[in-house]
Structures are given as structure tokens and as C-alpha cells.
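Residue-level structural notes
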Amino acid sequence: QHNHPDAARRRLTVEYTANPLWYAVQALPSVLEPRTDDALSLTAALYASVLSSRLADRYPQLKTAAAEWMRNGQEQLKSPLETQEDLKGILLDETPWVKDADAETRRMQGLMQLFDANRQDDLQRGFCQNLKKLQNVDGGIGWFCHMRSNPYMTLRVAQLLGRAGMLSAGQAPDVLRQNVDLKK
């Protein structure tokens, strides 16, 4: 049965960590860069920005580590494999290890920017402005700009904004301009 033509080899990797919060923190920079200007992506990015600001306030050691990375310059932000020139051979750039090292370097640079309070404030302002453009005159929010209001989308955005407000000392980002009748 192992030779069946429809059989495919699969691999599953399980990692155990004593600090799963670190994996969540590492994922935040990618959420901060929405690929499209749809309501869910913008709201998730706003939520991630508020969350990263809250994490920086609550866990100052994260902010301290990012400040240390900035002080020590870009070399410390590079993966060890990327900094050892003797390992970069003729075709080494094409190997998965170097590509992984490049991804790790980008991830570390994203983490450095994650705890920059000024950058997060600017991002939050921009995400709020873009979300306001999605709100229609009836108060509802469409999936994209110039689309009809969608009750699901409006409710989901309101929920995420409420959660963001709980993270930021009870003040939800000022995005929804008026009350919304979700019964329509």
C-alpha cells in the first residue's frame, strides 16, 4: 500500500515551547501589514497594533529587548547563518537554510518595529482612517470600499474594536461614527 500512486508523503512537525506567547508576538508584525484594504484585514491590523502597544506596556522586557536590538545595530538582527560569509557558498543562497535565515532576519526586524510606540500610533491612526472610509451612511460597514453594508462585517468589526478598547484602557478606537441597526 505504500506504493499506491495516490499516496502522498506527509510530514508533521510538533514543537514544544515553554513560552508560547513568544510565537504569538512573532506573528504580530505580519498581521500589521494587511494585504488588502478589506474591513477584516484592516480591523485585525488595528487590533494587532493595539495589542502590541499593550504588550509593550505590560511586558517592558519586550520593549527593552527591541531597544537593545536597535542600539546594537542591524548586525544583531541578522540570522547567524546570514552573518557567516564563509557559509555562503556558490549555491548556498538557493538552499532552504539561507531562505529560512532571510525570513528570520525579516521577522526580527519586524519585531524591532513592533514595540516602537510612535510607529504603532501612526499605524493605528492610518487603520482607523481606512476603516472610516468603509463605513456607509447607514452606519454599517461593507467588505470593501463602496460596497453595501454587511451585517456580519459590521458586527465583526464592532467586536474587534470592542476587544481593542478593552486592551487600551477601555477606550475603543474611534472608528464607528454612528449607531448601527443590525436588525436590517
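What you are looking at is a predicted structure, and each value in this text was computed from that prediction instead of being measured.

1. Description of a nonpolar patch on the surface
Together, Trp-143, Phe-144, Met-147 and Tyr-152 make up an exposed nonpolar region whose accessible area comes to about 390 Å². If you trace the backbone, Met-147 turns up in the loop between helix H6 (117–134) and helix H7 (151–167). Of the residues examined, Met-147 reaches a relative accessible area of 37% and is grouped as partly exposed.

2. Some remarks on the side chain of Thr-43
Turning to its location among the elements, Thr-43 is positioned in helix H2 (residues 39–58). Apart from the residues lying within four places of it in its own chain, the contact partners of Thr-43 are Leu-131, Val-157 and Leu-160.

3. Digging into H6
The terminal C-alpha atoms of H6, which comprises 18 residues, lie 26 Å apart, in line with the 26 Å expected from a rise of 1.5 Å per residue. Within the sequence span of H6, burial applies to Gln-120, Leu-123, Gln-124, Phe-127, Cys-128, Leu-131 and Leu-134. Projected down its long axis, H6 shows its buried positions confined to an angular sector of 135°, all on one face. Opposite the buried face of H6, by more than 90 degrees, sit the exposed residues Asn-118 and Lys-133. For H6, the capping residue at the N-terminal end is Asp-116, with a side-chain oxygen 3.2 Å from the backbone nitrogen of Asn-118.

Parameters and conventions
- Residues numbered from 1 in each chain as written.
- Predicted model: local features only at pLDDT ≥ 70, side-chain atom pairs only at ≥ 80, totals over all residues.
- Heavy atoms only, no water.
- Patch = residues over 30% accessible without salt bridge, like charges linked within 9 Å, V, L, I, M, F, W, Y side chains within 5 Å.
- Areas by Shrake-Rupley, 256 points an atom, 1.4 Å probe, with all protein chains shown as cover.
- Salt bridge = Lys/Arg side-chain N within 4 Å of Asp/Glu carboxyl O.
- Helix = DSSP H or I, 4+ residues; strand = E, 2+ residues; numbered from the N terminus.
- Buried < 20%, exposed > 50% of the residue type's maximum accessible area, 1.4 Å probe, protein only.
- Contact = heavy atoms within 4.5 Å.
- Expected span 1.5 Å × (residues − 1).
- Arc of directions from axis to C-beta.
- Polar contact = N/O pair within 3.5 Å; in protein donor to acceptor, adjacent residues only side chain to side chain.

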